[in-house]
Amino acid sequence: MAVIASTVQTTHGPSENPVLVMSIKNQGKFDCMVDVGTSQQEFAVMSGKDRIFATSDCVQDPTDTNIVIKSGASETARFTWTRVRSAPGCKVVNSKPRPGTYGFTAKLGEISSETVKFELK
């Protein structure tokens, strides 16, 4: 399995929320059962080494969702990031992300994507 991160667009105006995309691709020769539930997914946003946001910080009622991904096929999940900060344990973070370049990494279980860059104006 490969996890690929992307964004719907690379530059976002002040009123546009980035749509983060996680693609899970079966690169093997056989169909594979994969847990794609919220218990396994993480959409994480970084600014340099500063962790800005991660969906795993505030997951409520994480679920397991097992699906079969055929050889060569892929599945996609999307998350609209509303430009808020988060912290482990769902602690409140009062500062807002500022304009600049950010990195998005998608993770499914133990498999992480390469980081892709996007810009907030």
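Anything mentioned here points back to the structure above.
Residues numbered from 1 in each chain as written. Predicted model: local features only at pLDDT ≥ 70, side-chain atom pairs only at ≥ 80, totals over all residues. Heavy atoms only, no water.

### Some words on the state of the cysteines
Here comes step 1: This structure, assessed with the given rule, holds 1 disulfide.
Here comes step 2: Note that Cys58 is cross-linked by a disulfide to Cys90, the S-S spacing being 2.1 Å. The S-S bond linking Cys58 to Cys90 shows a torsion near 110°; that makes this disulfide right-handed. Of this pair, Cys58 sits in the loop between β6 (50-54) and β7 (66-69) while Cys90 sits in the loop between β8 (74-80) and β9 (100-108); the two residues are 32 residues apart in sequence, bridging distant segments of the chain.
Here comes step 3: Judged by relative accessible area, which is 33%, Cys58 ranks as partly exposed.
Here comes step 4: On the accessibility criterion, Cys90 (40% relative accessible area) is partly exposed. (Disulfide = S-S within 2.5 Å. Helix = DSSP H or I, 4+ residues; strand = E, 2+ residues; numbered from the N terminus. Buried < 20%, exposed > 50% of the residue type's maximum accessible area, 1.4 Å probe, protein only.)

### Some points on the packing of aromatic side chains
Here comes step 1: In the structure shown here, the tally under the stated rule is 7 aromatic pairs.
Here comes step 2: When the ring of Trp81 is compared with that of Phe118, the centres are 6.1 Å apart and the planes differ by 80°; the resulting orientation is edge-to-face. Taken together, the residues span a long stretch of sequence, with Trp81 in the loop between β8 and β9 and Phe118 in strand β11 (residues 116-120) at a distance of 37 residues. The residues Trp81 and Phe118 share a single accessibility class, namely buried.
Here comes step 3: Ring pairs connect the aromatic residues Phe43, Phe53, Phe79, Trp81, Tyr102, Phe104 and Phe118, which therefore count as one cluster. (Phe/Tyr/Trp six-rings, centres within 6.5 Å; stacked < 30°, edge-to-face > 60°.)

### A few points about the nonpolar core
Generally speaking, soluble globular proteins have nonpolar side chains that are buried together.
Here comes step 1: Counting residues in hydrophobic clusters, the biggest one holds 20 residues, and the most contacted among them are Leu20, Met22, Val45, Trp81, Phe104, Leu108 and Phe118.
Here comes step 2: The set of elements that each furnish at least two residues to this core consists of β1 (2-7), β3 (19-25), β5 (41-47), β6, β9 and β11.
Here comes step 3: Beyond its immediate sequence surroundings of up to four residues, Leu108 is in contact with Val3, Met22, Ile24, Val34, Asp35, Val36, Gln40 and Gln41. (Core = buried A, V, L, I, M, F, W, Y, C linked by side-chain atoms within 4.5 Å. Contact = heavy atoms within 4.5 Å.)

### Focus: the pairing of β5
Here comes step 1: Relative to β9, β5 is paired through 6 bridges, and the arrangement is antiparallel. Looking across to β9, one finds that Gln41 is bridged to Leu108.
Here comes step 2: The pairing of β5 with β6 spans 4 bridges and is antiparallel. Bridging across to β6, Met46 finds its partner in Arg51. (Pairing = 2+ DSSP bridges.)

Interpretation note: all reported values are geometric properties and have no functional meaning in isolation.
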